[in-house]
Each structure stands twice: as structure tokens, then as C-alpha cells.
Amino acid sequence: MNGKICLEEHFAIPDTVEFSKRFCFPKGWEVLKKNLLDIQQQRLAEMDKNGIEVMIISLNAPAIQAIPDRKLAIELSKRANDMLAEEIAKNPKRFAGFAALPMQDPDEAIAELQRTVKDYGFKGALVNGFTQVDVEDSIVYYDLPQYRPFWAEVEKLDVPFYLHPRCPADSQQRAYEGHPWLLGSSWGFSVETAIHTLRLMGSGLFDEHPKLTVILGHLGEMLPANIWRTSHRITKEPGPKSKLPFSDYLQNNFYVTTSGNFRMAPLMNAMMELGSDRIMFSSDYPFEQVTHAANWFDTIEIGESERRKIGRLNAKKLFKL
Ligand code: GRE
Ligand code: ZN
């Protein structure tokens with residue numbers, strides 16, 4: 001399919017690129033590093049080859065969220081966003097961007113989102129899970145009260161917030177001991193992101209801000225398969241503050257992308273739980289190959305109108321492209 005739009009696609013700046021080193025086999029690092037730092041060469045060639053018209057680019061993970069020093073987190077977010085804006089300006093028909101945000105300081109996060117949306121035309125924000133604040137051993141989730149003004153601004157600006165994975169915090173890794181291969185994108189990423197999402201839902205965030213849009217990658221981080229049961233099995237006091245079954249939030253406030261999950265069964269879960277209007281094609285380049293994502297998506301047995309929606313039209317509408 002030509003004219004595809006994809007939106008979980010990463011780059012790095014020299015200050016953040018090393019954060020990605022632990023996520024690949026040592027022999028793959030030089031190529032991954034090169035592809036993270038490149039925008040106009042290899043990346044564009046991959047897009048041309050695979051029928052991608054527009055790529056919305058975001059900073060690598062966990063980067064800003066794993067910098068406890070507020071001042072440095074603020075400074076690096078700005079640097080990354082400025083560099084991304086410069087690259088987009090070289091080819092604005094093909095590239096767009098999501099802001100990296102210093103969630104360590106909610107007011108600064110608001111200011112940076114406003115700046116990048118208004119001055120640079122960024123399409124929203126992509127944030128890599130919980131943030132460490134002030135000390136290394138800290139885990140701050142965005143359902144906490146200090147983030148309510150931030151969410152109000154996201155809703156007001158009418159831009160989506162992409163909740164991207166990171167690994168569970170060091171202090172939360174006992175279940176993974178002796179099995180480090182489980183920690184990253186193979187499993188830990190999804191568990192961590194799913195819990196964060198359920199915290200947001202259970203905090204009543206989407207009752208307070210019903211127009212908020214959150215995007216999840218990897219076909220919903222396993223949530224579409226389990227969301228009914230999660231609501232159904234809540235038997236603890238105090239329960240969630242939310243008013244609706246969690247599946248309602250998934251259908252009203254969420255989109256999922258196909259990033260890094262090129263498989264029919266989880267796509268079907270997402271289609272049945274959210275509907276094909278709320279699914280968008282993505283690859284997760286350069287951690288995945290655009291060719292792999294596109295070859296899968298272009299040939300799976302779904303209706304052609306669904307392929308058009310998921311491959312292009314849903315994103316076009318959501319991001320006003
Ligand atoms: C991602 O950004 O989704 C990612 C990483 C590291 C490894 C795999 C992966 O940041 O998909
Ligand atoms: Zn990703």
C-alpha cells in the first residue's frame with residue numbers, strides 16, 4: 001500500500017543515543033546507532049522503498065525520562081526537540097514530530113509541549129513511561145495529582161500523548177532476576193506500560209478529561225486481550241476512581257499502533273476491542289525494520305477499506321495531516 005503514515009519511529013541525538021545500546025545484541029549496535037542518528041538518508045530510503053509517505057518521529061527510550069536531574073532533563077528535551085524541528089524543516093512533506101517532554105517538572109512539560117506544538121507544529125508528545133525525579137531510585141507515574149494540569153493542557157491543545165514503553169525500574173525487577181532477556185521489549189516493556197495505562201484509567205483521568213487521546217504501541221501492550229477481565233475482576237477496596245468499565249476508555253480515549261507487533265492475532269484483538277478506526281500502522285524503526293512491518297501489513301487478509309484506514313486515514317485525521 002502506498003501513502004502509509006507511521007508514528008512510532010525513533011531517532012536519537014548524540015546525548016541520548018547510548019540509552020538504546022542495552023536493547024540490542026552488541027554486534028548490532030553500530031548499525032542501530034547510525035540509523036538512530038540518521039534522518040534524511042537511510043530512513044528516507046526505507047520510507048520510499050516501503051510506501052511510507054509520512055513518518056512522525058520521536059526521541060529514543062528512555063532518554064529524558066531516565067534523567068533524574070530536572071535541569072538536565074529540561075535542557076536535553078529542548079535540544080532534542082530543536083534538532084528534530086530542524087530535520088523536519090528540511091523535508092516537511094515527509095517528516096513530522098512528537099515532542100520529548102521533561103515530565104520531571106510538570107510546568108516545564110506543559111511549556112515545552114506548548115512551544116513545540118505552536119512554534120514547530122509538532123503533532124503531540126511521546127513520553128517513555130514513568131519519570132525518575134531528583135533521585136535515581138524514583139518512579140513517578142502520570143496519574144499522580146501533580147500531572148492533572150499537564151493533562152488539562154494536552155486536552156486543550158487537542159494533541160495526542162503517546163505513552164511509549166520503558167523497562168520496569170531497577171527496584172521492581174525481582175521477578176526478572178536471572179532472566180534479563182525478559183526485561184526489555186520482549187516482555188517488561190509491555191507489562192510496565194500496561195500498568196501505567198491502567199493507573200491512568202483507574203485514577204479517573206478520562207472522566208475528568210474525556211477528550212484526552214492516548215496512543216499505545218505494540219498493538220496495545222497486551223491490554224486489548226485482557227481489558228474486560230481487568231474491569232470484571234476488580235474486588236478490592238478502595239477500587240478505581242473511574243466511572244466506566246476500562247474497555248470504554250480503550251474505545252473512547254485510546255489508539256493503538258502496530259509498532260513491533262506484526263501478527264494477526266493481536267491485531268484482531270485490537271480490532272475487536274477498539275475497532276479499526278482506532279488502529280494505526282507503525283513499524284518502530286530502527287528497532288524494527290520498516291520492510292518487515294510494511295511487508296506484513298501490505299499483505300495481511302483484512303478488508304481494503306480497513307487497510308486504508310489503519311495504514312493512512314486514521315492517522316491523517318487524528319494528526320490533521
Ligand atoms: C522501542 O523504542 O520500542 C524499542 C526500544 C528498544 C528496543 C526495542 C524497541 O527502545 O522496540
Ligand atoms: Zn518504540
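Everything below is about the structure shown above.
Below, the structure is looked at part by part. (Residues numbered from 1 in each chain as written. Chains lettered and ligands numbered in written order. Predicted model: local features only at pLDDT ≥ 70, side-chain atom pairs only at ≥ 80, totals over all residues. Heavy atoms only, no water.)

This next bit is on the overall build of the protein chain. A count of helices and strands for the protein chain gives 12 helices and 8 strands. Over its C-alpha atoms the protein chain spans a radius of gyration of 18 Å, differing by no more than 12% from the 20 Å that the globule rule assigns to 321 residues. Each principal axis of the C-alpha atoms in the protein chain carries an extent, and together these give about 55 × 50 × 45 Å. Taking as baseline every contact in the protein chain between residues at least 6 positions apart, the subset at least 24 positions apart corresponds to 78%. Summing over all exposed atoms, the protein chain offers an accessible surface of approximately 14,400 Å²; the carbon and sulfur share of this is 53%. Across the protein chain, 38 positive and 42 negative side-chain charges occur, with their mean positions spaced 3 Å apart. (Helix = DSSP H or I, 4+ residues; strand = E, 2+ residues; numbered from the N terminus. Rg over C-alpha atoms; globule rule 2.2 N^0.38 Å. Contact = heavy atoms within 4.5 Å. Areas by Shrake-Rupley, 256 points an atom, 1.4 Å probe, with all protein chains shown as cover. Lys, Arg positive; Asp, Glu negative; His and termini not counted. Charge placed at Lys NZ, Arg CZ, Asp CG, Glu CD.)

On to the coordination of the zinc ion (ligand 2), then. Distances from the zinc ion (ligand 2) to its protein donors, Glu8 (OE), His10 (NE2), His164 (NE2) and Asp284 (OD), fall within 1.9 to 2.3 Å. Each of the 6 donor atoms around the zinc ion (ligand 2) contributes to a set of angles spanning 53 to 173°, which defines the coordination as irregular. Expressed as a motif, the donor residue spacing for the zinc ion (ligand 2) is E-x1-H-x153-H-x119-D. Within this pair, whereas His10 is found in strand 1 (residues 4-11), its partner His164 is found in strand 5 (residues 161-164), the two being separated by 154 residues in sequence. A relative accessible area of 1% means that His10 is categorised as buried. A residue is classified by how much of its surface remains accessible, and His164, at 4% relative accessible area, is buried. (Donors = N, O, S within 2.8 Å, 3.2 Å for Na, K, Ca; no water. Tetrahedral: all angles 85-135°; square planar, octahedral: opposite > 155°, others 65-115°. Buried < 20%, exposed > 50% of the residue type's maximum accessible area, 1.4 Å probe, protein only.)

Attention shifts here to the sheet that holds strand 6 (residues 214-216). Taking strand neighbours across the sheet as the criterion, the 5 strands line up as 4-5-6-7-8 in an open arrangement whose pairing is parallel. Sheet topology places strand 4 (125-128) and strand 8 (279-280) at the edges, where each strand pairs with a single neighbour. Inspection of the sheet shows strand 7 (residues 254-257) paired to strand 8 by 2 bridges, in the parallel sense. Directly across from Val256, in strand 8, lies its bridge partner Ile279. (Pairing = 2+ DSSP bridges.)

Considered as a void within the structure, the largest pocket measures approximately 800 Å³ in volume. Taken together, 33 residues line the largest pocket, and the ones lying closest to its centre are Ser185, Ser186, His218, Gly260 and Glu288. Those elements that place two or more of their residues in the lining of the largest pocket are strand 1, helix 6 (188-202), helix 8 (223-232) and helix 10 (264-273). The leading source of residues in the lining of the largest pocket is helix 8, at 3 residues. Tallied by class, the residues present in the lining of the largest pocket amount to 16 nonpolar, 11 polar and 6 charged. (1 Å grid on protein atoms, 1.4 Å probe; cavity = no way out; pocket = protein on both sides within 12 Å on 5 of 7 lines; lining within 4 Å. Points joined across faces, edges and corners; volume = space filled by probe spheres on them. Nonpolar A, V, L, I, M, F, W, Y, C, P; charged D, E, K, R; others polar.)

Right, let's talk about the packing of aromatic side chains for a bit. Scanning all chains against the criterion turns up 16 aromatic pairs. Judged by centre distance (6.4 Å) and plane angle (80°), the ring pair of Tyr142 and Phe161 falls under edge-to-face. Pair noted here: Tyr142 is in the loop between strand 4 and helix 5 (148-157) and Phe161 is in strand 5, with a separation of 19 residues, a long-range link. Each member of the pair, Tyr142 together with Phe161, is buried. Judged by centre distance (6.4 Å) and plane angle (50°), the ring pair of Phe246 and Tyr249 falls under tilted. Linking Phe246 with Tyr249, this pair stays in helix 9 (residues 246-253), spanning 3 residues, or about one helical turn. With respect to class, Phe246 is no different from Tyr249; both count as buried. Across the ring face of Phe130, the terminal group of Arg166 is positioned such that the distance to the ring centre comes to 3.9 Å. (Phe/Tyr/Trp six-rings, centres within 6.5 Å; stacked < 30°, edge-to-face > 60°. Lys NZ or Arg CZ within 6 Å of the ring centre and 35° of its normal.)

The next point concerns the site of ligand 1. Around ligand 1, a shell composed of Glu8, His10, Phe23, Ala61, His164, Ser185, Phe189, His218, Asp284 and Phe287 is seen. In this structure, an oxygen atom belonging to ligand 1 sits 3.2 Å away from a side-chain N or O atom of Glu8. His10 is positioned with one of its side-chain polar atoms (N or O) 3.1 Å from an oxygen atom of ligand 1. In the complex, the protein chains occlude 95% of the 280 Å² of accessible area that ligand 1 would expose alone. (Near = heavy atom within 4 Å. Polar contact = N/O pair within 3.5 Å; in protein donor to acceptor, adjacent residues only side chain to side chain.)

Considering all chains together, one arrives at 1 cavity of 30 Å³ or more under this definition. Space inside the largest cavity adds up to approximately 30 Å³. If you go around the largest cavity, the residues you meet are Leu59, Asn60, Pro62, Ile64, Gln65, Ala100, Leu101, Leu126 and Asn128. Of the residues assigned to the lining of the largest cavity, the class counts are 6 nonpolar, 3 polar and no charged.

Contact pair helix 4 (residues 106-120) / helix 5: the axes reach a minimum separation of 9 Å and the direction vectors enclose 15°. The angle between helix 4 and helix 5 places the two elements in the roughly parallel class. Crossing angle aside, the handedness with which helix 4 passes helix 5 is right-handed. Along the contact surface, helix 4 presents Ala109, Ile110, Leu113, Gln114 and Lys118, while helix 5 presents Pro149, Phe150, Glu153, Val154 and Leu157. (Axes fitted to C-alpha atoms, helices over the stretch in contact; angles between N-to-C directions. Parallel < 35°, antiparallel > 145°, perpendicular 65-115°, else oblique. Left-handed = near helix turned anticlockwise from the far one by under 90°.)

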